[in-house]
Amino acid sequence: MIILHHLRIGRSMFAVWQLEELGVDYEIKVYHRHPETFLAQEDLKAVHPLGKSPVIEDGDLLLSESGAITTYLLEKFDTQNKFAPPRSDIEEWAKFTQWLHYPEGSVFGPLLVRMILLRSGQEHQALNAYSERETALHLGHISDQLAENEFILGNSFSAADFGVTYVVSLAKRLGQLQPYASLDAYLERNLSRPAYKRAVEKAVE
Ligand SMILES: N[C@@H](CCC(=O)N[C@@H](CS)C(=O)NCC(=O)O)C(=O)O
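Rules used in this analysis
Residues numbered from 1 in each chain as written. Predicted model: local features only at pLDDT ≥ 70, side-chain atom pairs only at ≥ 80, totals over all residues. Helix = DSSP H or I, 4+ residues; strand = E, 2+ residues; numbered from the N terminus. Expected span 1.5 Å × (residues − 1). Buried ≥ 20, exposed ≤ 12 C-beta atoms within 10 Å, placed from the backbone. Arc of directions from axis to C-beta. Pairing = 2+ DSSP bridges. Axes fitted to C-alpha atoms, helices over the stretch in contact; angles between N-to-C directions. Contact = placed C-beta atoms within 7 Å. Parallel < 35°, antiparallel > 145°, perpendicular 65-115°, else oblique. Left-handed = near helix turned anticlockwise from the far one by under 90°. Nonpolar A, V, L, I, M, F, W, Y, C, P; charged D, E, K, R; others polar. Core = buried A, V, L, I, M, F, W, Y, C linked by C-beta atoms within 7 Å. Domains from an automatic or database assignment. Right-handed = clockwise from strand over helix to strand, strands pointing away.

Here's the deal with helix H5 (residues 125–145)
Each α-helix winds once per 3.6 residues, and so residues spaced three or four apart point in a common direction. Helix length check: H5 (21 residues) gives 30 Å between terminal C-alpha atoms against 30 Å at 1.5 Å per residue, within 8%. Buried within H5 are the following residues: Ser131, Thr135, His138, Leu139 and Ile142. Take H5 and look down its axis: the buried residues cluster within an arc of 95°, on one side only. Turned more than 90 degrees away from the buried face of H5, the exposed residues are Gln125, Ala126, Ala129, Arg133 and Asp144.

Comments concerning the sheet that holds strand E1 (residues 2–7)
Spatially, E2-E1-E3-E4 is the arrangement adopted by the four strands of the open sheet, whose pairing is mixed. Each of the sheet's edge strands pairs with one partner strand only, and the pair in question is strand E2 (26–31) and strand E4 (61–64). Neighbouring strand axes in the sheet, compared pairwise and without regard to direction, differ in orientation by 20° on average. As defined by bridge partners, strand E3 (residues 55–58) adjoins E4 across four bridges and the pair is classed as antiparallel. Each residue of the ladder has a partner; that of Asp58, found in E4, is Leu61. Contacting E1 and E2, helix H1 (residues 12–22) crosses the sheet at an angle of about 150° to E1.

Quick word on the packing of helix H4 (residues 90–120) against helix H6 (residues 160–173)
It is at 8 Å that the axes of H4 and H6 come closest, and there the two elements cross at 20°. With respect to H6, the element H4 is oriented roughly parallel. At the point where H4 passes H6, the crossing takes the left-handed sense. For the pair H4 and H6, contact is made by Phe96, Trp99, Leu100, Pro103, Glu104, Val107, Phe108 and Leu111 and by Ala160, Gly163, Val164, Tyr166, Val167, Leu170 and Ala171, respectively. Residue composition of the contact of H4 with H6, by class: 13 nonpolar, one polar and one charged.

A closer look at the nonpolar core
Membership of the largest hydrophobic core comes to 38 residues, with the highest contact counts inside it found for Val16, Trp17, Ala159, Ala160, Val167 and Val168. Per element, the largest residue contribution to this core is seven residues, and it comes from H6. Per-domain counts for this core show at least three residues from each of domain 1 (2–79) and domain 2 (90–194). With residues up to four places along the chain from it excluded, the contact list for Val168 reads Ile142, Leu183, Tyr186 and Leu187.

Digging into the pairing of E1
Taking burial as the measure, the six residues of E1 include five buried ones, the bulk of the element. Taken together, the six bridges between E1 and E2 define a ladder with parallel strand orientation. Its bridge partner being in E2, Ile2 is matched across the sheet by Tyr26. Between E1 and its parallel partner E2, the chain crosses via H1, and the hand of that crossover is right-handed. Relative to E3, E1 runs antiparallel, the two being bridged by four bridges. By the bridge assignment, Ile3 is partnered in E3 with Glu57.

A look at the environment of Val200
Considering the arrangement of structural elements, one finds Val200 in helix H8 (residues 194–203). Here the alpha-carbon distance between Val200 and Ile152, two residues 48 residues apart in the chain, equals 22 Å.

Some details on the domain arrangement of the protein chain
Assigned domains within the protein chain: domain 1 (2–79) and domain 2 (90–194). Looking at the side of domain 1 that touches domain 2, the elements with two or more residues in it are H1 and helix H3 (66–77). Considering each element in turn, the side of domain 1 that touches domain 2 owes the most residues, four residues, to H3.

Below is the structure:
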(Lines give C-alpha, C1' and ligand atoms only; values in the text may rest on other atoms or scores of the structure.)
Protein backbone atom coordinates (compact mmCIF):
# COMPACT_ATOMS: atom_id res chain seq x y z
CA MET A 1 0.00 0.00 0.00
CA ILE A 2 1.16 3.55 -0.75
CA ILE A 3 1.79 5.80 2.25
CA LEU A 4 1.55 9.53 1.55
CA HIS A 5 3.34 11.84 3.99
CA HIS A 6 1.08 14.83 3.79
CA LEU A 7 2.00 18.25 5.15
CA ARG A 8 -1.15 20.23 5.73
CA ILE A 9 -1.80 23.23 3.55
CA GLY A 10 0.26 22.93 0.40
CA ARG A 11 0.92 20.98 -2.74
CA SER A 12 0.61 17.56 -1.11
CA MET A 13 -3.16 18.00 -1.42
CA PHE A 14 -2.65 17.51 -5.15
CA ALA A 15 -0.96 14.16 -4.52
CA VAL A 16 -3.99 13.06 -2.48
CA TRP A 17 -6.20 14.12 -5.39
CA GLN A 18 -4.08 12.10 -7.80
CA LEU A 19 -4.31 8.98 -5.62
CA GLU A 20 -8.08 9.43 -5.56
CA GLU A 21 -8.30 9.86 -9.35
CA LEU A 22 -6.23 6.71 -9.84
CA GLY A 23 -8.30 4.74 -7.35
CA VAL A 24 -5.17 3.60 -5.52
CA ASP A 25 -5.23 2.01 -2.08
CA TYR A 26 -3.34 4.45 0.15
CA GLU A 27 -2.87 5.73 3.66
CA ILE A 28 -2.26 9.35 4.65
CA LYS A 29 0.08 10.39 7.45
CA VAL A 30 -0.66 13.99 8.33
CA TYR A 31 1.99 16.53 9.43
CA HIS A 32 1.48 20.07 10.65
CA ARG A 33 3.44 23.21 9.93
CA HIS A 34 5.16 25.17 12.68
CA PRO A 35 2.62 27.79 13.78
CA GLU A 36 5.11 30.67 13.56
CA THR A 37 7.56 29.81 10.80
CA PHE A 38 4.96 27.92 8.73
CA LEU A 39 7.76 25.44 7.87
CA ALA A 40 7.58 21.67 8.29
CA GLN A 41 8.67 20.33 11.68
CA GLU A 42 11.13 17.65 12.81
CA ASP A 43 8.61 14.81 12.36
CA LEU A 44 8.70 15.26 8.57
CA LYS A 45 12.50 15.44 8.56
CA ALA A 46 12.48 12.02 10.20
CA VAL A 47 10.76 10.68 7.07
CA HIS A 48 12.96 12.30 4.41
CA PRO A 49 16.16 14.36 4.82
CA LEU A 50 14.62 17.36 3.05
CA GLY A 51 11.64 17.44 5.40
CA LYS A 52 9.32 18.47 2.55
CA SER A 53 6.03 17.12 1.34
CA PRO A 54 4.68 15.31 -0.61
CA VAL A 55 6.69 12.17 -0.02
CA ILE A 56 5.38 8.71 -0.76
CA GLU A 57 6.48 5.31 0.44
CA ASP A 58 5.80 2.19 -1.54
CA GLY A 59 7.52 -0.80 0.06
CA ASP A 60 11.22 0.08 0.16
CA LEU A 61 10.81 3.07 -2.14
CA LEU A 62 10.78 6.54 -0.59
CA LEU A 63 10.03 9.19 -3.21
CA SER A 64 9.88 12.98 -3.04
CA GLU A 65 9.14 15.65 -5.70
CA SER A 66 5.62 16.02 -7.02
CA GLY A 67 6.58 15.44 -10.68
CA ALA A 68 8.48 12.24 -9.89
CA ILE A 69 5.63 11.01 -7.70
CA THR A 70 3.15 11.64 -10.50
CA THR A 71 5.31 9.81 -13.03
CA TYR A 72 5.78 6.85 -10.67
CA LEU A 73 2.08 6.56 -9.85
CA LEU A 74 1.15 6.74 -13.53
CA GLU A 75 3.68 4.08 -14.50
CA LYS A 76 2.43 1.79 -11.79
CA PHE A 77 -1.31 2.39 -11.75
CA ASP A 78 -2.45 4.15 -14.93
CA THR A 79 -2.23 0.99 -17.01
CA GLN A 80 -4.98 2.13 -19.41
CA ASN A 81 -3.32 5.52 -20.08
CA LYS A 82 -6.31 7.37 -18.81
CA PHE A 83 -4.26 10.23 -17.34
CA ALA A 84 -1.28 10.49 -19.73
CA PRO A 85 -0.42 9.59 -23.31
CA PRO A 86 1.44 6.29 -23.76
CA ARG A 87 5.23 6.56 -23.96
CA SER A 88 5.09 4.94 -27.40
CA ASP A 89 3.53 8.19 -28.67
CA ILE A 90 6.78 10.01 -28.02
CA GLU A 91 5.67 13.50 -29.12
CA GLU A 92 2.47 13.51 -27.09
CA TRP A 93 4.37 12.04 -24.15
CA ALA A 94 7.02 14.79 -24.45
CA LYS A 95 4.33 17.50 -24.46
CA PHE A 96 2.77 15.86 -21.42
CA THR A 97 6.08 15.89 -19.50
CA GLN A 98 6.62 19.53 -20.46
CA TRP A 99 3.31 20.51 -18.80
CA LEU A 100 3.92 18.10 -15.94
CA HIS A 101 7.17 19.81 -14.91
CA TYR A 102 6.29 23.38 -15.90
CA PRO A 103 4.35 24.30 -12.71
CA GLU A 104 7.18 23.39 -10.30
CA GLY A 105 9.99 24.33 -12.65
CA SER A 106 8.78 27.74 -13.83
CA VAL A 107 5.51 29.00 -12.36
CA PHE A 108 6.00 28.34 -8.66
CA GLY A 109 9.15 30.52 -8.25
CA PRO A 110 7.60 33.94 -8.97
CA LEU A 111 4.51 33.02 -6.91
CA LEU A 112 6.73 32.07 -3.98
CA VAL A 113 8.48 35.43 -4.21
CA ARG A 114 5.07 37.17 -4.07
CA MET A 115 4.08 35.03 -1.07
CA ILE A 116 7.30 35.88 0.81
CA LEU A 117 6.89 39.61 0.09
CA LEU A 118 3.28 39.56 1.28
CA ARG A 119 4.11 37.65 4.45
CA SER A 120 7.08 39.84 5.31
CA GLY A 121 5.10 43.03 4.72
CA GLN A 122 8.25 44.45 3.13
CA GLU A 123 8.58 46.24 -0.18
CA HIS A 124 11.36 45.17 -2.51
CA GLN A 125 11.30 46.83 -5.88
CA ALA A 126 13.46 44.36 -7.81
CA LEU A 127 11.75 41.26 -6.39
CA ASN A 128 8.34 42.77 -6.86
CA ALA A 129 9.08 43.63 -10.50
CA TYR A 130 10.42 40.10 -11.10
CA SER A 131 7.40 38.46 -9.52
CA GLU A 132 4.88 40.64 -11.37
CA ARG A 133 6.55 40.18 -14.74
CA GLU A 134 7.05 36.43 -14.46
CA THR A 135 3.64 35.74 -12.93
CA ALA A 136 1.95 37.62 -15.78
CA LEU A 137 4.07 35.74 -18.33
CA HIS A 138 3.16 32.33 -16.93
CA LEU A 139 -0.50 32.94 -16.15
CA GLY A 140 -0.85 34.41 -19.64
CA HIS A 141 0.80 31.33 -21.12
CA ILE A 142 -1.50 28.95 -19.22
CA SER A 143 -4.50 31.07 -20.15
CA ASP A 144 -3.53 30.95 -23.86
CA GLN A 145 -3.17 27.19 -23.66
CA LEU A 146 -6.66 26.96 -22.18
CA ALA A 147 -8.24 29.38 -24.67
CA GLU A 148 -9.62 26.57 -26.77
CA ASN A 149 -9.19 23.66 -24.40
CA GLU A 150 -10.94 22.70 -21.22
CA PHE A 151 -7.81 21.08 -19.85
CA ILE A 152 -4.12 21.71 -20.24
CA LEU A 153 -3.53 19.02 -22.89
CA GLY A 154 -6.83 19.37 -24.72
CA ASN A 155 -10.35 18.29 -24.04
CA SER A 156 -9.71 15.60 -21.51
CA PHE A 157 -8.32 15.82 -18.01
CA SER A 158 -4.75 14.52 -17.64
CA ALA A 159 -2.18 14.19 -14.86
CA ALA A 160 -0.59 17.43 -16.13
CA ASP A 161 -3.65 19.21 -14.73
CA PHE A 162 -2.74 18.39 -11.11
CA GLY A 163 0.31 20.66 -10.99
CA VAL A 164 -1.20 23.37 -13.20
CA THR A 165 -4.28 23.45 -10.95
CA TYR A 166 -1.96 23.78 -7.95
CA VAL A 167 -0.13 26.85 -9.25
CA VAL A 168 -3.33 28.46 -10.57
CA SER A 169 -5.01 27.97 -7.18
CA LEU A 170 -1.96 29.47 -5.45
CA ALA A 171 -2.09 32.44 -7.84
CA LYS A 172 -5.74 32.88 -6.91
CA ARG A 173 -4.91 32.86 -3.20
CA LEU A 174 -2.32 35.54 -3.89
CA GLY A 175 -4.89 37.70 -5.69
CA GLN A 176 -3.33 37.29 -9.14
CA LEU A 177 -6.21 35.83 -11.15
CA GLN A 178 -8.40 38.85 -11.87
CA PRO A 179 -7.26 39.35 -15.49
CA TYR A 180 -7.76 35.66 -16.33
CA ALA A 181 -11.42 34.63 -16.24
CA SER A 182 -10.62 31.39 -18.07
CA LEU A 183 -8.27 30.34 -15.27
CA ASP A 184 -11.01 30.79 -12.70
CA ALA A 185 -13.28 28.59 -14.80
CA TYR A 186 -10.48 26.03 -15.16
CA LEU A 187 -10.03 25.93 -11.38
CA GLU A 188 -13.72 25.48 -10.80
CA ARG A 189 -13.88 22.68 -13.38
CA ASN A 190 -11.03 20.77 -11.75
CA LEU A 191 -11.78 21.42 -8.10
CA SER A 192 -15.36 20.25 -8.54
CA ARG A 193 -14.22 16.80 -9.67
CA PRO A 194 -15.51 14.11 -7.30
CA ALA A 195 -11.97 12.79 -6.74
CA TYR A 196 -10.78 16.22 -5.61
CA LYS A 197 -13.70 16.53 -3.21
CA ARG A 198 -12.94 13.10 -1.75
CA ALA A 199 -9.28 14.12 -1.40
CA VAL A 200 -10.21 17.25 0.55
CA GLU A 201 -12.41 15.22 2.89
CA LYS A 202 -9.66 12.69 3.53
CA ALA A 203 -6.81 15.14 3.89
CA VAL A 204 -8.81 17.62 5.99
CA GLU A 205 -7.40 20.59 4.11
N1 LIG B 1 9.75 20.60 -5.47
C2 LIG B 1 9.07 19.94 -4.38
C3 LIG B 1 8.67 20.99 -3.36
C4 LIG B 1 8.28 20.41 -2.03
C5 LIG B 1 7.93 21.49 -1.02
O6 LIG B 1 8.61 22.53 -0.90
N7 LIG B 1 6.86 21.27 -0.28
C8 LIG B 1 6.42 22.22 0.71
C9 LIG B 1 4.91 22.07 0.93
S10 LIG B 1 3.93 22.88 -0.26
C11 LIG B 1 7.05 21.92 2.04
O12 LIG B 1 7.22 20.75 2.36
N13 LIG B 1 7.36 22.96 2.82
C14 LIG B 1 7.80 22.81 4.16
C15 LIG B 1 9.15 23.40 4.43
O16 LIG B 1 9.76 23.95 3.50
O17 LIG B 1 9.60 23.31 5.56
C18 LIG B 1 7.89 19.14 -4.93
O19 LIG B 1 7.56 19.32 -6.11
O20 LIG B 1 7.32 18.29 -4.24
